[in-house]
Each structure stands twice: as C-alpha cells, then as structure tokens.
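Given next are the chains, with one letter for each unit.
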Amino acid sequence: QYWRLYLLSLVLGIGGSFQYGIQVSVIASPAVHVQSFVNHTWLQRYEAPVSDSTNQLIWSFIAAVLSLGAWVGAIHSGSLPVTYGRKKALLFNNVVAVVAALLMLFSHMAGSFEMILLGRFLYGYNVGLGLSVHLMYLGECSPKKLRGFLTLTSSIFIGFGKVMGQIIGIKEIMGTEDMWPYLLAVSGIPAILQFVMLLFFPETPRYLYIDKGDAESSTKALQWLWQEEDVKLELVDMQKERESAQGEKAKTVLDVLRSHCVRWQLLTLAIPCAGIQFCGINALYFYAFDIFRESGVPENQMHYLAIGIGATELITITLCSFLIDRAGRKKLMGIGYLLMGLTMCILTVMLSIKDLYAWVPYVNISLIFCVICIYGLGPSGVSMALPADLFLQAWRPSAYVISGTINWLGMFLVGMLFGYVVEGLGQFCFLIFVAYSIFSAAFMLYFVPETKGKTMVEIMEDFNKLNYKNRNTDVERTNYLATKF
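Residues numbered from 1 in each chain as written. Predicted model: local features only at pLDDT ≥ 70, side-chain atom pairs only at ≥ 80, totals over all residues. Heavy atoms only, no water.

Chemist: Can you explain the overall build of the protein chain? Please cite residues and give values.
Modeler: The helix and strand inventory of the protein chain stands at 24 helices and zero strands. Taking 485 residues into account, the globule formula puts the C-alpha radius of gyration at 23 Å, and the protein chain, at 23 Å, falls close to it. Projected onto its principal axes, the C-alpha coordinates of the protein chain cover approximately 70 × 50 × 40 Å. Counting contacts in the protein chain only where the partners sit at least 6 residues apart, residues at least 24 apart contribute 82% of the total. Entry remark: accessible area of the protein chain is about 20100 Å², with carbon and sulfur atoms responsible for 67%. For the protein chain, the distance from the average site of its 35 positive side-chain charges to the average site of its 34 negative ones is 7 Å. (Helix = DSSP H or I, 4+ residues; strand = E, 2+ residues; numbered from the N terminus. Rg over C-alpha atoms; globule rule 2.2 N^0.38 Å. Contact = heavy atoms within 4.5 Å. Areas by Shrake-Rupley, 256 points an atom, 1.4 Å probe, with all protein chains shown as cover. Lys, Arg positive; Asp, Glu negative; His and termini not counted. Charge placed at Lys NZ, Arg CZ, Asp CG, Glu CD.)

Structural data, given as structure tokens:
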C-alpha cells in the first residue's frame, strides 16, 4: 500500500544520509595519494618540499573541514526549509553537491589542493543540510505507525554509504593513484539522481498544511503518498497542531534554548541523540586497525575487515528498523547504551592484558564487533528517529539546528583531538566513552517517556509532566496552551 512512501524514502536516502556515510568513509583510502598530490603541488609552487607536519595538518583539515561545512549546512536547515519548503531546499542542496564534485574532479588538472578543501567544505554543507531536511521530510510524510521505521531508513543509508565508500575505495576499484579525483567526485552521482527523481514527488503534507495553510494540496499529497482516499485522521491531527500554532512564527534557536515548555525535549535531543559522537564509535573504528594488527591480520587484508565492520553496522541498523516500532525507542536506546558501556569496560581491561595471553587479541576483535552490533541495534538508529518525535512543527527546524550543531562540532572536536587523547591515555581513552554511555543510558531509562505510536500532541503532553513537574500545574497548563507557540 505504501510503496510510494518507500520509494520516497529511497530517493531521500540516496541524496541525504547516504552522502554522509560515503563522505565519512571514502576519505580514508585516497589519503596517501592526496598527501603526495599536496606535496607535488607545493614543490611546483615554492620549489621546496612541504614539511611533514604541514602536510599532516593540511590532510587533517581536509578530513575535518567536512564537519565544519556540515555545521553551516545544519544552521541553514533552520531557515531554508521553512522559507522555501522542504523540497526546494533539497533541490538546492543537490546543486551544491554537484559543484563540490566538479571541484574534486578538476583539482588534479588545476594543480590546486585548495579546490579539494573547498569541495570537501561544500560536501559538508550538502551533508549537514541534507541530513536535517531528509529527516524532516520523512517524519512529515509518514503515518505514525511507520514513523519510526521510515525515519530509521536514514540510518540504514548512512550505514550503506559507509560500506559503499569502503568498497569503491579499495585499490582494485578506485583507490589508485590516477583514480582518486574520480573517487572524491563520486558523490555527484547520487546528487544528480535525487535532483531528477525528487521532481516527481510532492512537498511534505505537514509543511503544506501547517506552515502554508494549504489544506487542498496537503490532502492531495497525503492521498498520493499513502494511496488512501480517507486521510481524515491525519488531517485532524494536523489541524490540532495548526490551531495550537495559530498566528505564530516558526521558533528561533534562542526560543528553543530559553523556553521552559521544551526543556526536557531539548535535553533528550542533546544528550543521547546529538551527543552520539561521544559514545566512542569513531574511536572504535580508529582502534580497530591497531587491534587487527596485533591479532596478526596482514596489512593488505585490513581493508576487507573494515568493510566487514561497516557491513555489521549496516545489518544491525536494518534489524533495528524492524524492532523500533515494536520494542520502542526508550528500551532500544537505553539498554543499548548500557550494554555499550559495559562492553567497552571489558574491552579496556582486555586491552590492558593483551600481551599476557595469545588469545586476548581475538577476544578484542569479537568485542569490537559486539560493540558495533549493539550500537547499530540501539543508539545509532534511535538517535535518528527520536528527534522527529520530540518537537511540534513550529519548533522542529530550530531543534534540528541545535542537534546538528552539537553533532557536527562534536565530530570536528573528536576528529581533531582524538589522536592526541589516544597518545596521552592509550586504551584508557575508552573510559571517557564508558562514562558517557552509562550516563546516557540512565538518562534515557529514568526520564524520557516512550514515544512509539503516539501523535505529536500526546508526546508533548508526556513531556509537559516533566517540564512542569513542581509548579502549580493548572495555571501553567492554561498559560502554556494559550502561549504555546
């Protein structure tokens, strides 16, 4: 029945979170070639070879500038989709990705590594804006019984992008000296695909109805997407939300930060969802190679094990998407974080005694795969699906700006500083992540109400019990409903 919705989630995924996955993983394989290109260019310009530290710095920046671009994109995701609609924002976003791809493609010919930097920044922008709008679009098109599953497809596409990036990056395919500009330009293809295919889909029904007040187009869009003649219930739900937001502008970021009536929603967005960078998953990817080395995996086989890790994450996220509307967000994420914390505790101990016994490195490999399975089944997927449940229409775009800011700046910091932390703390760097994971688990299980199968207004009422816990509730309630938006 919902095949058009599934098709839409495919189209959104290809140009949305797939781009994020591919950009995160594709940059690892051409590292050597890009560094030698920087060296070569430098030599031609200044007639002296570039110093190792400068080259390393330029390279770190090429890798990390993605998250800065993504942050700028995430900031714009609060204004562009509100002013021009979700669909036009995505069409514009694809143009950015195509420009970035062209910069990458011609950087070698032009002999300019600055073009790679700029291209990477624009890719970042594309990812930051695309990810937020992708989630908004999906959340606003899906019926509530499918909302968890459909918003989770974004995580599936991230996993799929990561695996694709690793696969096309192996030296048998595109990871060679003369192919790297094409490898870096590969994201232009999904962008063109999405641009062409989105033209056949309508704007989101919620945007049309709640933001634009166009009930007729909204009904048409709903009927076309869901292939149901009777969409009354959904229209009633939107009507309620529209009335409560009557005469109100979309909220700014400051409103979200200051307002008492979304305090707990904001904490839920910030701690378990946007802070996902701090649960140590990137550290694991970083450490994986060292652990593989110690277990005696030959260098040229490493890439395939990395693809294995990526594939594990992809499979478990796909499993999660079938569980999320059955088990609920709260359990999956809370228990997931708890188990991650405990497994990383064991991993820290095992890394400390790895030289004592020959079998320990193999235990470590299986522990790494364990953590990644738990991450895929719980936190990874739910952190994508939950924000779509937490906020009403007027607050949603600004909330995504905040979550994007925490997420991308967190990623930038982890990317730039993590190497130094490992040098300083060794395997005990995992204890930072253990603390974060256990804290998030406690927060999730104790405070956050379950959101599965509820309408936006019901979820908001659950949170109001937390937001107005110790005040004179009745007075607060009436005030809140009067000045709700």
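Chemist: Describe the packing of aromatic side chains, and please don't skip the residues or the numbers.
Modeler: Counted by the stated rule, this structure contains 18 aromatic pairs. Aromatic pair Y2 and W226: ring centres 6.4 Å apart, planes at 85 degrees, arrangement edge-to-face. A residue pair is termed long-range when its members are at least 10 positions apart, and Y2 in the segment before α1 (3–15) and W226 in helix α12 (residues 215–226) qualify at 224 residues. As far as burial versus exposure is concerned, Y2 and W226 are alike and both buried. Ring centres 5.3 Å apart and planes at 85 degrees place the aromatic pair Y20 and W408 in the edge-to-face group. Highlighted residues: Y20 in helix α2 (residues 17–26) and W408 in helix α21 (residues 396–425), separated in sequence by 388 residues. Each member of the pair, Y20 as well as W408, carries the same accessibility label: buried. (Phe/Tyr/Trp six-rings, centres within 6.5 Å; stacked < 30°, edge-to-face > 60°. Buried < 20%, exposed > 50% of the residue type's maximum accessible area, 1.4 Å probe, protein only.)

Chemist: Describe the layout of surface pockets, with residues and values.
Modeler: If you add up the space inside the second largest pocket, you get close to 440 Å³. Taken together, 22 residues make up the lining of the second largest pocket; nearest its centre are K144, W226, L233, E234 and D237. Mapped by element, the contributors of at least two residues to the lining of the second largest pocket are α13 (232–244) and α23 (456–467). For the lining of the second largest pocket, the element with the most residues is α13, which contributes six residues. The residue inventory of the lining of the second largest pocket, partitioned by class, reads eight nonpolar, three polar and eleven charged. (1 Å grid on protein atoms, 1.4 Å probe; cavity = no way out; pocket = protein on both sides within 12 Å on 5 of 7 lines; lining within 4 Å. Points joined across faces, edges and corners; volume = space filled by probe spheres on them. Nonpolar A, V, L, I, M, F, W, Y, C, P; charged D, E, K, R; others polar.)

Chemist: Account for the side chain of R120, with residues named and values stated.
Modeler: With respect to the element layout, R120 can be found in helix α7 (residues 113–141). Engagement of the side chain of R120 in a polar contact is seen with the side chain of Q23, the distance being 2.9 Å. (Polar contact = N/O pair within 3.5 Å; in protein donor to acceptor, adjacent residues only side chain to side chain.)

Chemist: Hey, could you go over the packing of α2 against helix α8 (residues 147–168) for me, with residue numbers and the actual values?
Modeler: α8 packs onto α2 with a crossing angle of 35 degrees between their chain directions and a minimal axis gap of 6 Å. Crossing of α2 against α8: the hand is right-handed. Contacts between α2 and α8 pair S17, F18, Y20, G21, I22, S25 and V26 from the former with S154, F157, I158, F160, G161, K162, M164, G165, Q166 and I168 from the latter. Here the residues of the contact of α2 with α8 sort into nine nonpolar, seven polar and one charged. (Axes fitted to C-alpha atoms, helices over the stretch in contact; angles between N-to-C directions. Left-handed = near helix turned anticlockwise from the far one by under 90°.)

Chemist: Run through the pattern of salt bridges, naming residues and quoting values.
Modeler: Tallying each qualifying case throughout the model produces 14 salt bridges. E114 is the salt-bridge partner of R45, the closest N and O atoms lying 3.0 Å from each other. Taken as a pair, R45 in helix α3 (residues 31–46) and E114 in helix α7 lie far apart in primary sequence, 69 residues in all. A residue is classified by how much of its surface remains accessible, and R45, at 36% relative accessible area, is partly exposed. (Salt bridge = Lys/Arg side-chain N within 4 Å of Asp/Glu carboxyl O.)

Chemist: So, helix α19 (residues 360–377): which residues are in play, and what are the values?
Modeler: For α19, which comprises 18 residues, the first-to-last C-alpha distance of 26 Å matches the rise-based estimate of 26 Å (1.5 Å per residue) to within 8%. Taken together, the buried positions of α19 are V360, P361, N364, I365, L367, I368, V371, I372, I374, Y375 and G376. (Expected span 1.5 Å × (residues − 1).)

Chemist: Before we move on, can you summarise the state of the cysteines with the specific residues and values?
Modeler: If you walk through the whole model with that rule in mind, you get zero disulfides. No disulfide involves C429; its nearest neighbouring cysteine sulfur is the one of C345, lying 13 Å away. (Disulfide = S-S within 2.5 Å.)

Chemist: An account of a nonpolar patch on the surface is requested, with residue identities and associated values reported.
Modeler: There is a patch of nonpolar side chains on the surface, built from V95, V99, I192, F195, V196, L199 and F200 and spanning about 640 Å² of accessible area. When residues of the nonpolar patch are traced back to their parent elements, those giving at least two are α6 (86–110) and α10 (188–198). The leading source of residues in the nonpolar patch is α10, at three residues. (Patch = residues over 30% accessible without salt bridge, like charges linked within 9 Å, V, L, I, M, F, W, Y side chains within 5 Å.)

Chemist: Which residues make up the packing of helix α17 (residues 302–327) against α19, and what values do they have?
Modeler: Viewed as axis vectors pointing N to C, α17 and α19 meet at an angle of 35 degrees, and their least axial separation amounts to 7 Å. Between α17 and α19 lies a crossing of right-handed hand. Here α17 contributes L305, G308, I309, T312, E313, T316, I317, L319, C320 and L323 to the contact with α19, which in turn contributes I368, F369, I372, C373, Y375, G376 and L377. When its residues are assigned to classes, the contact of α17 with α19 shows twelve nonpolar, four polar and one charged.

Chemist: Before we move on, could you go through unusual backbone geometry and cite the residues and values that matter?
Modeler: With phi around 55 degrees, E47 is a residue other than glycine that occupies positive phi space. Within the secondary structure layout, E47 lies in the loop between α3 and α4 (52–76). Taking relative accessible area as the criterion, E47 reaches 72% and is therefore assigned exposed. Its identity as a non-glycine residue notwithstanding, Q227 has a phi of 55 degrees, on the positive side.

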